[in-house]
Amino acid sequence: MKKHVCRGAVAAFLLCNGALAAPVEVSLRPAARPASPEVTSAVMAFLIQPDAPLTSVRPALRPAKAPVTLATVAASDPGFDAWVRGFRPRALSAGITGAVFDRAFRNAHFNPDVIRRDSNQSEFTKSIWDYLDSAASDSRIANGRLALQQHSALLNRIEATYGVDKEVVVAIWGMESAYGSHRGSLNIVSSLATLAYEGRRGAFFEEQLIAALKILQHGDTAPETMTGSWAGAMGHTQFIPTSYDALAVDFNGDGRRDIWSDDPTDALASTAAYLARYGWIKGMPWGVEVQLPAGFDYASANKKTVKMPSDWARLGVVGMDGAPVRDYGSASVLLPAGSKGAAFLVFKNFSVIARYNAADAYVMGVGHLSDRLRGRGPIRADWPRDDRALSFDERQEMQQRLTARGFDTQGVDGRVGPMTVEAVRRFQRSVGMAPDGYASLTVLTRLR
């Protein structure tokens, strides 16, 4: 779990919108090293295995390949060693004891594979429909239902304690680690130290590294068993250290908050505690698929326009059965593939899942998988499956062309955030297209 660096970002590497990246921070290192290639996009590479974990934005994204053991990538690096010596007094001033620090770094190494993975995240895109097909694949649904059955007593206790629907907790488990089968095997101290030393966001990862050392100092795990992804996410539900430090719980009462072992108890309870902390409302859906009326005002399809479902129904926005959606709470209309794809009313619980991972596609993946685990059916509307997601270069070109036409995107960075969505919407309106803000290949072609 994590304190996400892409808050509120639209996952348009999936939705043809780029996720917003955190500001680049400079590592506090004593000696300069040659700069790594600049990476300007947070586009993730997705796994295509039928029940492998889907990667997510947190704070950098996990790779679509099997874990690489530390022994195969450990490298001698005098600059890294100097950085560790310079970092030690900063860690001690943050409350880490010398003994804990020295033990944690006894077998820690510079890991060039971590830097390579961090530098190659802008190469892959996947459409929202393909992503959701993977998120709620037949095998993922079957394995999730089996997990619900096998851990029913535990999940019922967690649901009763935290008021978070068990299917959502299990869906996150499935998305993050394929129900515990892909937890990551890299040494977390090595990964975080490497990223703090030479990564794009050194100060962020140094904060995560200090939090990881605090976890070791507390005795929740040992350096040898503190393993996870190359970006520092750990355990069954992939906490980053600061979020773990703040919100993980010892649900089985053994004195440790253990998210790393085969027993998923503390990890699942910690995930529920995290969602509860951010305001989960039990029984409220994340979203409901809806039909839009002819002549729908696409300018109202944004997260700032919220109405009760009964008010949306008066505007012709109704459930797939033709009846008004129940008034669970205020909702906004989400069009993840523009006017040609499925439409949803999304509720407060959508934004709660987004605190776990801010990409809209991830939230939809968790929500849709949780619905399927409850026995609900697939998304009914058609997707524009003959369309494709824009590449990073194409998103940059779109921003350049929009700005040149007078529809300023406030920068050319390949990340389609709110300003670019609004620019697309204004361009669409100017040429008589449905102003849904969807940054599609069709829009780019019209701009050309």
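Given the structure is predicted, the values throughout are model-derived calculations rather than measurements. (Residues numbered from 1 in each chain as written. Predicted model: local features only at pLDDT ≥ 70, side-chain atom pairs only at ≥ 80, totals over all residues. Heavy atoms only, no water.)

Engineer: Give a description of the overall build of the chain that names residues and reports values.
Structural biologist: Within the chain, the secondary structure is distributed over 19 helices and 6 strands. Considering only contacts within the chain whose residues lie at least 6 apart along the sequence, 72% involve residues at least 24 apart. Total accessible area on the chain stands at roughly 17,300 Å², and carbon and sulfur atoms take up 51% of it. (Helix = DSSP H or I, 4+ residues; strand = E, 2+ residues; numbered from the N terminus. Contact = heavy atoms within 4.5 Å. Areas by Shrake-Rupley, 256 points an atom, 1.4 Å probe, with all protein chains shown as cover.)

Engineer: Quick one: what's the story with the side chain of Glu176, residue by residue and with numbers?
Structural biologist: When you line up the elements, Glu176 lands in helix 9 (residues 166-177). You can call Glu176 buried: its relative accessible area is 0%. (Buried < 20%, exposed > 50% of the residue type's maximum accessible area, 1.4 Å probe, protein only.)

Engineer: Break down the nonpolar core for me, with residues and values.
Structural biologist: In terms of nonpolar packing, the biggest core is built from 53 residues, with Ile128, Leu275, Phe344, Tyr362, Met364, Val366 and Trp383 touching the most fellow members. Setting aside chain neighbours within four positions, we find Met364 in contact with Ile128, Leu132, Trp286, Leu334, Pro336, Phe344 and Phe350. Judged by nonpolar contacts, the second largest core, of 42 residues, contains Phe205, Leu209, Met226 and Trp260. (Core = buried A, V, L, I, M, F, W, Y, C linked by side-chain atoms within 4.5 Å.)

Engineer: Outline the side chain of Ser191, listing residues and values.
Structural biologist: Within the fold, Ser191 resides in helix 10 (residues 188-198). The class for Ser191 is buried, based on a relative accessible area of 1%. Non-local contacts of Ser191, meaning those with residues more than four positions away in its chain, are made with Val114, Leu186, Ser229 and Trp230.

Engineer: Tell me what's going on with unusual backbone geometry, and back it up with residues and numbers.
Structural biologist: Here the phi dihedral of Ala178 falls at roughly 50°; this positive angle occurs in a residue that is not glycine. Positive phi, normally seen in glycine, also occurs at Tyr179, with a value near 60°. By secondary structure assignment, the location of Tyr179 is in the loop between helix 9 and strand 1 (186-187).

Engineer: Tell me about the packing of aromatic side chains, and please be specific about residues and values.
Structural biologist: Enumeration according to the criterion identifies 21 aromatic pairs in this entry. Taking the centre distance of 6.1 Å and the plane angle of 40° together, the rings of Tyr162 and Phe251 count as tilted. In this pair, Tyr162 is assigned in helix 8 (residues 152-162) and Phe251 in the loop between helix 12 (241-247) and helix 13 (265-277), connecting sequence segments 89 residues apart. Ring centres 5.9 Å apart and planes at 75° place the aromatic pair Phe407 and Phe427 in the edge-to-face group. Within this pair, whereas Phe407 is found in the loop between helix 17 (392-404) and helix 18 (418-430), its partner Phe427 is found in helix 18, the two being separated by 20 residues in sequence. For the pair shown, Phe407 and Phe427 are each scored as buried. Clustering of aromatic rings is evident, with ring pairs tying together Phe80, Trp83, Phe87, Phe101, Phe105, Phe110 and Tyr197. The side chain of Arg277 reaches across the aromatic face of Tyr278, ending 5.2 Å from its centre. (Phe/Tyr/Trp six-rings, centres within 6.5 Å; stacked < 30°, edge-to-face > 60°. Lys NZ or Arg CZ within 6 Å of the ring centre and 35° of its normal.)

Engineer: Quick rundown of the pairing of strand 3 (residues 287-291)? Include the residues and the values.
Structural biologist: The sheet contact formed by strand 3 and strand 6 (residues 343-346) spans 4 bridges and is antiparallel. For Val288, the partnering residue across the bridge sits in strand 6 and is Leu345. Of the pairings in the sheet, the one linking strand 3 to strand 4 (residues 318-319) comprises 2 bridges and is antiparallel in character. Residue pairing in the sheet places Gln291 in a bridge with Val318 of strand 4. (Pairing = 2+ DSSP bridges.)

Engineer: Describe the pattern of salt bridges, with residues and values.
Structural biologist: Pairs can form between side chains of opposite charge once their charged atoms are near each other. Inspection of every chain in the model, using the stated rule, returns 24 salt bridges. Asp113 serves as the salt-bridge partner of Arg116, at 2.5 Å between the closest nitrogen and oxygen. On the criterion of helical spacing, the pair formed by Arg116 and Asp113 is a turn pair, its members being 3 residues apart in helix 5 (residues 112-118). As a salt-bridge pair, Asp413 and Arg415 come within 3.2 Å of each other at their nearest N and O atoms. Bridged by salt links that share partners, the residues Asp165, Glu167, Asp371, Arg374 and Arg376 form one connected network. (Salt bridge = Lys/Arg side-chain N within 4 Å of Asp/Glu carboxyl O.)

Engineer: Can you break down helix 9 residue by residue, with the values?
Structural biologist: Across its 12 residues, helix 9 extends 17 Å between first and last C-alpha, which sits within 8% of the 16 Å expected from 1.5 Å per residue. Of all the positions in helix 9, only Glu167, Val168, Val169, Val170, Ala171, Ile172, Trp173, Gly174, Met175, Glu176 and Ser177 are classed as buried. The secondary structure elements touched by the buried residues of helix 9 are helix 6 (128-135), helix 7 (138-150), helix 8, helix 13, helix 15 (348-356) and helix 16 (360-373). Among the residues trailing helix 9, Ala178 stands out with phi positive, at a value near 50°. (Expected span 1.5 Å × (residues − 1).)

Engineer: Give a detailed account of the confidence of the model for the chain, specifying residues and quantitative values.
Structural biologist: The pLDDT averaged across the chain works out to 85; a share of 82% of its residues lies at or above 70. With pLDDT under 50 throughout, residues 1-50 is counted as low confidence; its partners more than four residues away or in other chains account for 181 contacts. Within the model, the stretch residues 55-73 combines pLDDT values under 50 with 79 contacts to residues more than four positions away or in other chains. (pLDDT = per-residue confidence, 0-100.)

Engineer: Just give me the short version of helix 17, but keep the residues and values in it.
Structural biologist: Counted at 1.5 Å a residue, the expected span for helix 17 with its 13 residues is 18 Å, and the 19 Å between its end C-alpha atoms agrees. Those residues of helix 17 that sit buried are Phe392, Glu394, Arg395, Glu397, Met398, Gln399 and Leu402. Gly406 occupies a position one or two residues after helix 17 and carries a positive phi of about 95°.

Engineer: Provide a residue-level description of the pairing of strand 6, including the pertinent values.
Structural biologist: The two faces of strand 6 match: Ala343 and Leu345 on one face and Phe344 and Val346 on the other face are all buried. Pairing of strand 5 (residues 332-334) with strand 6, which is carried by 3 bridges, proceeds in the antiparallel orientation. Each residue of the ladder has a partner; that of Leu334, found in strand 6, is Phe344.

Engineer: Would you mind going over the sheet that holds strand 5 in detail, with residue names and values included?
Structural biologist: The strands making up a sheet associate through backbone hydrogen bonding, with each pair oriented either parallel or antiparallel. Ordered in space as 4-3-6-5, the 4 strands form an open sheet in which the pairing is antiparallel. If you trace the sheet from one side to the other, it starts and ends with strand 4 and strand 5, each paired once.

Engineer: Explain the packing of helix 7 against helix 9 to me, using residue names and the numbers behind them.
Structural biologist: In contact at an axis separation of 10 Å, helix 7 and helix 9 are set at 125° when each is read in the N-to-C sense. On the basis of the axis angle, helix 7 is oblique to helix 9. Crossing of helix 7 over helix 9 shows right-handed handedness. Contact residues: Arg140, Gly144, Ala147 and Leu148 in helix 7; Lys166, Glu167, Val170, Trp173, Gly174 and Met175 in helix 9. Along the lines of polarity and charge, the residues of the contact of helix 7 with helix 9 split into 5 nonpolar, 2 polar and 3 charged. (Axes fitted to C-alpha atoms, helices over the stretch in contact; angles between N-to-C directions. Parallel < 35°, antiparallel > 145°, perpendicular 65-115°, else oblique. Left-handed = near helix turned anticlockwise from the far one by under 90°. Nonpolar A, V, L, I, M, F, W, Y, C, P; charged D, E, K, R; others polar.)

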